[in-house]
Amino acid sequence: MVPLTDRILDHFPDPTILLDARRAVRFANAAARDLLDITRVGQDLAMSLRHPRVLEAVDQVLGRAETRAVDITLPGVTRRNFEMYVAGFLPAADANGIGAVLVLRDLTTARRAEQMRADFVANASHELRSPLAALLGFIETLEGPAGDDEETRRRFLGIMLREAKRMAGLIDDLLTLSRVEINEHVRPTAPVDIAGVLLNVTEALSHQAKAANMPIRVNYGSNLPAVHGEADQLFQVFRNLIENAIRYGAKGEAVDVRVEPAARIPGTGRAGIAVKVTDHGEGIPEEAIPRLTERFYRVDKARSKSVGGTGLGLAIVKHIVNRHRGLLAVESEPGKGSTFTVYLPAEQPRQGLLPGNGETVAIPSSDVS
Ligand code: ADP
């Protein structure tokens, strides 16, 4: 093994180990040394990777021109899934005493994504099935003698309309979510008029706000920096947040929307704006806050359904805010109310000469997305 090859292998992100014909470690690259805590070469592989299926596969190929692939899970703080691939070398003069090469591919993220996709499909089907089951039940009932009764028919049709609307809402939200996810990596580049967006939202929700006797009050701070964004998506964000404030806030109390400059967006250090939506409702238990943006998570399922919720509103908000490289923060005091804050970063000054003062502005690389 020439040192150059060792150095090259050290840059491979996948843990890679060369074994001699007796299964002793001849070389472990940096990723393998980190993962398996290998400090010395010359020891049996079993000292570092005591996994029966790995050792069995290695023994089968050592010194033979054969390969094996085995899926394994390594225990630890976070269990990690790997595909272990091992290829044996025939004993030959140019094999340099190497009996096999073993590579571990980390599949943890891919497996987790697969699991999430499977859970999502199961949850979405379940959410669609219950209104559909209700509709089928009512249709069957109306086909029987109960359908002849005018009053029953009117009542059932009312419920059927509500259930059908729930399904339509759910499908709309599912489509919105998938559309947002598709272009989440593309940051919006056009300036957006936040005041115009908020005006459209308050107009769209005015009927609902009036019915709940909850005025929507919008206030603007001074010196607001300009932000980039996609108006349709930001409309969706503030619509979902203000609609939630109406749904879960105290009836008869105002919903307050405040737009303020933010000197530092938490966790990023960048300047921007903060749009705060505050209600005076029952609030949210502290332990539920980290889960609010999970798909289909609701603090009170029956309550969400009774107000026409789908459990997807805040998941949509989170993805749109991510796309804008912003942040969603939630503060709540049970019994008093909640504030949902959307931070949006200010437009970046262009790298280069600023007009007027002739200075070069350096933009930290972490801020350039
Ligand atoms: P939903 O369609 O159920 O409203 P969301 O994703 O918009 O779904 O919200 C998830 C859950 O978060 C809601 O079911 C509700 O329990 C809780 N929630 C959201 N906004 C508020 C709020 N302003 N006050 C209290 N609870 C809220």
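A quick note: this is a predicted structure, and the numbers were derived from the prediction, not measured.

1. With respect to the layout of surface pockets
Put simply, the largest pocket is a space of about 1,100 Å³. Asn244, Arg247, Gly308, Gly309 and Thr310 are the residues nearest the centre of the largest pocket, which is lined by 41 residues in total. Broken down by class, the residue content of the lining of the largest pocket amounts to 11 nonpolar, 14 polar and 16 charged. When residues of the lining of the largest pocket are sorted by domain, at least three fall in each of domain 2 (107-186) and domain 3 (188-355).

2. Focus on the site of the ligand
Near the ligand lie 20 residues; those nearest to it are Tyr248, Asp279, Ser304, Thr310 and Leu314. Between Ser304 and the ligand, the recorded distance is 2.6 Å, taken from a side-chain N or O atom to an oxygen atom. The contact in question runs from an oxygen atom of the ligand to an N or O atom on the backbone of Leu314, over 2.8 Å. Contact with the protein chains covers 97% of the free accessible surface of the ligand, which is 540 Å². When each cavity is represented as a set of grid points, the ligand is found to reside in the largest pocket. Ranked by residues supplied to the shell around the ligand, first place goes to helix α8 (residues 231-248) with 3 residues.

3. Let's talk about the sheet that holds strand β2 (residues 25-28)
Hydrogen bonds between backbone atoms are what pair the strands of a sheet, whose relative direction is either parallel or antiparallel. Strand order in the open sheet made by the 5 strands is β2-β1-β5-β4-β3, with antiparallel pairing throughout. In this open sheet, the two strands that pair with only one neighbour each are β2 and β3 (67-74). In this sheet, neighbouring strand axes are inclined to one another by 20° on average, regardless of whether the strands run parallel or antiparallel. Sheet topology note: the β3/strand β4 (residues 80-88) ladder contains 8 bridges and is antiparallel.

4. Concerning the sheet that holds strand β12 (residues 337-345)
Across the sheet, 5 strands lie side by side as β7-β9-β10-β12-β11; this open sheet has mixed pairing. The open sheet is flanked by β7 (216-220) and β11 (327-333), the only strands paired with a single partner. Neighbour to neighbour, the strand axes of the sheet diverge by 15° on average, direction disregarded. Note that strand β9 (residues 255-262) and strand β10 (residues 272-279) share 7 bridges and pair antiparallel. Looking at the pairing, Glu260 lines up with Ala274 of β10.

5. Structural notes on the packing of helix α5 (residues 150-182) against helix α10 (residues 313-323)
α10 packs onto α5 with a crossing angle of 20° between their chain directions and a minimal axis gap of 9 Å. When the axes of α5 and α10 are compared, the pair comes out roughly parallel. For the crossing formed where α5 meets α10, the hand is left-handed. Residues Asp173, Thr176, Leu177, Val180 and Glu181 of α5 lie in contact with α10, whose contacting residues are Ala315, Ile316, His319 and Ile320. Looking at the contact of α5 with α10 residue by residue, the classes come out as 5 nonpolar, 2 polar and 2 charged.

6. Examining helix α4 (residues 108-143)
The α-helix advances 3.6 residues per turn, and as a result positions three or four apart in sequence lie on the same side. The terminal C-alpha atoms of α4, which comprises 36 residues, lie 52 Å apart, in line with the 52 Å expected from a rise of 1.5 Å per residue. All of the buried residues in α4 are Thr108, Ala124, Glu127, Pro131, Leu135, Phe138 and Leu142. On its buried face, α4 sits against β4, β5 (98-106), α5 and α9 (301-306).

7. Quick notes on the packing of aromatic side chains
Inspection of every chain in the model, using the stated rule, returns 2 aromatic pairs. A centroid spacing of 6.1 Å and a plane angle of 25° characterise the contact between Phe120 and Phe296, whose relative ring orientation is stacked. Placement of Phe120 in helix α4 and of Phe296 in the loop between β10 and α9 is noted, with a sequence separation of 176 residues between them. According to the relative accessible area criterion, Phe120 is partly exposed, its value standing at 22%. For Arg295, the ring lying beneath its charged end belongs to Phe120, and the centroid distance is 4.7 Å.

8. A look at the pattern of salt bridges
By the definition in use, this model includes 24 salt bridges. Of the charged contacts in the structure, one is a salt bridge between Arg68 and Glu66, with a shortest N-O distance of 3.1 Å. Relative accessible area serves as the criterion here: at 28%, Arg68 is assigned to the partly exposed category. Among the residues examined, Glu66 registers a relative accessible area of 29% and is labelled partly exposed. Lys301 is the partner of Glu127 in a salt bridge, and the nearest nitrogen-oxygen pair spans 3.7 Å. Taken together, the residues Glu127 in helix α4 and Lys301 in helix α9 connect sequence positions 174 residues apart. On the basis of relative accessible area, Lys301 is assigned to the partly exposed category, the value being 39%. Three or more residues are tied together by salt bridges with common partners; here these are Arg23, Asp44 and Asp59.

The rules behind the values
- Residues numbered from 1 in each chain as written.
- Predicted model: local features only at pLDDT ≥ 70, side-chain atom pairs only at ≥ 80, totals over all residues.
- Heavy atoms only, no water.
- 1 Å grid on protein atoms, 1.4 Å probe; cavity = no way out; pocket = protein on both sides within 12 Å on 5 of 7 lines; lining within 4 Å.
- Points joined across faces, edges and corners; volume = space filled by probe spheres on them.
- Nonpolar A, V, L, I, M, F, W, Y, C, P; charged D, E, K, R; others polar.
- Domains from an automatic or database assignment.
- Near = heavy atom within 4 Å.
- Polar contact = N/O pair within 3.5 Å; in protein donor to acceptor, adjacent residues only side chain to side chain.
- Areas by Shrake-Rupley, 256 points an atom, 1.4 Å probe, with all protein chains shown as cover.
- Sits in = over half its atoms within 2 Å of the grid points.
- Helix = DSSP H or I, 4+ residues; strand = E, 2+ residues; numbered from the N terminus.
- Pairing = 2+ DSSP bridges.
- Axes fitted to C-alpha atoms, helices over the stretch in contact; angles between N-to-C directions.
- Parallel < 35°, antiparallel > 145°, perpendicular 65-115°, else oblique.
- Left-handed = near helix turned anticlockwise from the far one by under 90°.
- Contact = heavy atoms within 4.5 Å.
- Expected span 1.5 Å × (residues − 1).
- Buried < 20%, exposed > 50% of the residue type's maximum accessible area, 1.4 Å probe, protein only.
- Phe/Tyr/Trp six-rings, centres within 6.5 Å; stacked < 30°, edge-to-face > 60°.
- Lys NZ or Arg CZ within 6 Å of the ring centre and 35° of its normal.
- Salt bridge = Lys/Arg side-chain N within 4 Å of Asp/Glu carboxyl O.

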